[in-house]
Amino acid sequence: MTRPVDLDGATKGQSAAAFVPGPDTGVPDTSEVRFAGRSPGRLMWTRFKRDRAGVTSACIVLFVFLVAVSAPLISKLYGKDPYTRYGQIQPGLLNENGYPILPNGGISGEFWFGLEPRLGRDVFMRLVFGMRTSLALAVAVTVLSVLTAIVIGVCAGYFGGKTDYLLGRFTDLMMSFPNQLFFVAFTPVIGALLISPEDEMPTWMRASVLIWVMWILGWMSMARLLRGQVLSLREREFVEAAKVAGTPPARIVRKELLPNLVTPILVQSTYMLPQAVTAIAGLSFLGVGMVEPTPDWGRMFAKGAEFFHSDITYMFFPGVAMVVFIVAFNLLGDSVRDAFDPRSGA
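Think of each chain on its own: its residues are numbered from 1, step by step along the sequence as written. In keeping with the model being predicted, local features are shown solely for residues with a pLDDT of at least 70 and side-chain atom pairs are shown and tallied solely at 80 or more, while totals for entire chains, interfaces and linings include all residues. Side-chain metrics in this entry use all non-hydrogen atoms of the structure; hydrogen atoms and water are not considered.

J.: Can you lay out helix H7 (residues 123–159) for me, pointing to particular residues and giving the numbers?
T.: If you check H7, its first and last C-alpha atoms are 53 Å apart, about what 37 residues at 1.5 Å a residue would give, namely 54 Å. Taking burial as the measure, the 37 residues of H7 include 27 buried ones, the bulk of the element. For H7, the capping residue at the N-terminal end is Asp-122, with a side-chain oxygen 3.2 Å from the backbone nitrogen of Phe-124. Every helix listed is a DSSP run of H or I at least four residues long, and every strand listed is a run of E at least two residues long, numbered separately from the N terminus. Backbone geometry just downstream of H7 places Gly-160 in the positive-phi region, at approximately 60°. Expected helix span is taken as 1.5 Å per residue step, with the number of steps being one fewer than the number of residues. The cut-offs for exposure are 20% and 50% of the maximum accessible area for each residue type, with area from a 1.4 Å probe on protein chains only; residues under the lower value are buried, those over the upper are exposed, and the others partly exposed. In protein, a polar contact means a hydrogen-donor-capable atom and an acceptor-capable atom, both N or O and within 3.5 Å, with residues adjacent in sequence counting only if both atoms are side-chain atoms; elsewhere, any N or O pair within 3.5 Å suffices.

J.: Explain the layout of surface pockets residue by residue, including any values.
T.: Put plainly, a pocket is an open set of points on a 1 Å grid over the protein atoms alone with protein on both sides within 12 Å along at least five of seven lines, a cavity is a set where a 1.4 Å probe fits but cannot get out, and a lining residue has an atom within 4 Å of a point. Grid points are joined across faces, edges and corners, and a volume is the space filled by probe spheres set on the points. Of the volumes computed, that of the largest pocket is approximately 370 Å³. Broken down by element, the residue count for the lining of the largest pocket peaks at six residues, all from helix H14 (residues 262–286).

J.: Provide a residue-level description of the side chain of Ser-57, including the pertinent values.
T.: Inspection of the secondary structure puts Ser-57 in helix H3 (residues 52–69). By definition in these notes, contact holds between two residues if any of their heavy atoms fall within 4.5 Å. With residues near it in sequence (within four places) discarded, Ser-57 still touches Ala-328, Leu-331 and Leu-332.

J.: Talk me through the environment of Ile-195; I want residue IDs and the actual numbers.
T.: Secondary-structure assignment places Ile-195 in the loop between helix H9 (179–194) and helix H10 (203–216). Taking relative accessible area as the criterion, Ile-195 reaches 17% and is therefore assigned buried. A C-alpha to C-alpha distance of 9.4 Å links Ile-195 and Met-205, two positions ten residues apart in sequence. Those residues in contact with Ile-195 that lie beyond four places of it in its chain are Glu-200, Met-201, Pro-202 and Met-205.

J.: Any details on unusual backbone geometry? Residues and values, ideally.
T.: Between Glu-292 and Pro-293 the backbone carries a cis peptide bond, its omega angle lying at 5°. Within the secondary structure layout, Pro-293 lies in the loop between H14 and helix H15 (297–306). Although it is not a glycine, Asn-104 sits at a positive phi angle of roughly 55°. Summarising the element assignment, Asn-104 is placed in helix H6 (residues 103–106). With relative accessibility at 55%, the residue Asn-104 sits in the exposed group. Not every positive phi belongs to a glycine, and Arg-118 is a case in point at roughly 75°. Relative to the assigned elements, Arg-118 resides in the loop between H6 and H7.

J.: Report on a nonpolar patch on the surface, specifying residues and quantitative values.
T.: On the surface, Val-139, Val-143 and Leu-147 cluster together into a nonpolar patch covering about 230 Å² of accessible area. By the secondary structure assignment, Val-139 is in helix H7. Candidate patch residues must exceed 30% relative accessible area and have no salt bridge, after which like charges are joined if within 9 Å and Val, Leu, Ile, Met, Phe, Trp or Tyr side chains if within 5 Å. Residue burial considers only the protein chains on display, and all accessible areas are found by Shrake-Rupley using a 1.4 Å probe. Counted as salt bridges are all cases of a side-chain nitrogen of Lys or Arg within 4 Å of a carboxyl oxygen of Asp or Glu.

J.: So what about the confidence of the model for the protein? Which residues, and what values?
T.: The score called pLDDT rates the predictor's confidence residue by residue, from a low of 0 to a high of 100. Overall, the predicted model of the protein reaches an average pLDDT of 80, with 85% of residues at or above 70. Across residues 1–25, where pLDDT falls below 50, the model places 18 contacts with residues more than four positions away in sequence or in other chains. Contacts of residues 28–36 to residues separated by more than four positions or lying in other chains number four contacts, the stretch itself having pLDDT below 50.

J.: Tell me about the packing of H9 against H10, residues and numbers included.
T.: Lines fitted to the C-alpha atoms define the axes, with helices restricted to the stretch that makes contact. Angles between their N-to-C directions range from 0 to 180 degrees. It is the contact of H9 with H10, at a shortest axis distance of 10 Å, that shows an interaxial angle of 135°. When the interaxial angle is binned, H9 and H10 end up oblique. Between H9 and H10 the crossing geometry is right-handed. Where H9 abuts H10, its residues Phe-182, Phe-183, Phe-186, Thr-187, Ile-190 and Leu-194 lie against Met-205, Val-209, Leu-210, Trp-212, Val-213 and Met-214. Any residue outside Ala, Val, Leu, Ile, Met, Phe, Trp, Tyr, Cys, Pro, Asp, Glu, Lys and Arg is labelled polar, Gly included; the first ten of those are nonpolar and the last four are charged. When its residues are assigned to classes, the contact of H9 with H10 shows eleven nonpolar, one polar and no charged. With respect to orientation, any angle under 35 degrees is reported as roughly parallel, any angle over 145 as roughly antiparallel, any angle of 65 to 115 as roughly perpendicular, and every other angle as oblique. Two helices crossing with the near one rotated counterclockwise from the far one by less than a right angle form a left-handed crossing, whereas a clockwise rotation gives a right-handed crossing.

J.: So what about the pattern of salt bridges? Which residues, and what values?
T.: Two side chains bearing opposite charge may form a pair once their charged atoms approach each other closely. For the structure shown, the criterion picks out eight salt bridges. The residue Arg-121 makes a salt bridge to Glu-116 at a minimum N-O spacing of 2.6 Å. Both residues of the pair, Arg-121 and Glu-116, count as buried. Put simply, Glu-116, Arg-121, Arg-126 and Glu-292 are held in one network by salt bridges that share partners.

J.: Account for the side chain of Asp-122, with residues named and values stated.
T.: Take Asp-122: it is sitting in the loop between H6 and H7. Under the counting rule used here, the positive set is Lys and Arg, the negative set is Asp and Glu, and His together with the chain ends is not counted. With no salt bridge to any partner, buried Asp-122 finds its closest opposite charge in Lys-80, at an N-O distance of 5.5 Å. Separated by 3.2 Å, the side chain of Asp-122 and the backbone nitrogen of Phe-124 make a polar contact. In this structure Asp-122 touches Tyr-78, Lys-80, Asp-81, Thr-84, Tyr-86, Phe-111, Gly-114 and Leu-115, once residues within four positions along its chain are discounted.

Below, the structure is given as structure tokens:
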């Protein structure tokens, strides 16, 4: 028979000051009670909020996306657009060599980030709309790549056998292509097949070609990761129980496997998107991505490299913006990974 416990939690004959809750006394520890009953999502959110670097990175990423989405509104409030050549239509902005007359690239109260050399377009608007272009393409590539990786990786891991063998060899074949080289080689070739050399490729078609090429060559790493995860999950008791109960494979995948794959999918996506941003900027820099007059981070780097020796200001703003965004997104991915699995950061 257990001894009675008074209101203060101390047993008779034992002082309350010496009483320590725990398994020996039958009273649960308050630190354990505090986390009992919380869902995995709430626990992840609690851990993520404690990570200052993660929260700061998330705020930066959200701010960049907000600026990109609000580009037309910002242009309306700012009173300028990324296409008008203000330096050529307004006297006193550019000198006879085509460079801004005012110091620091022509930065002023009218042109916040200065003017583009030679053409005289507003740098701030070029940066905002270039951010919009790069992020829109990168998000499209990332979404398509993630969906493809989920389908191929989950099917290969769950069904196994010949399905796993065929999908595995197809994934290995696709991984044998050097991505960056084939990005540069395939993009103009596909464009030439769709449009005759005499015609100029529309912007929407050029963007579609970029998305298609980067999607086809961008899903393999995540697919192999998910295949390995599914191979371990399909041997777990809850999956075996669902099979014994006669649950259809589609329902097992949807209800049992995919919820347990959220962590690797989300973490890997946070690494894929900034990689897509840099790849798109690199293609535009080389002249096989987005071309003039479409605003793009890569085109701004190309222009900045052209005017580097005379005016470094034009390269400063897109360079800082891209570095800050990519570093913030990578830190966000690390924080999300640690929030889902604290042991991974040990």
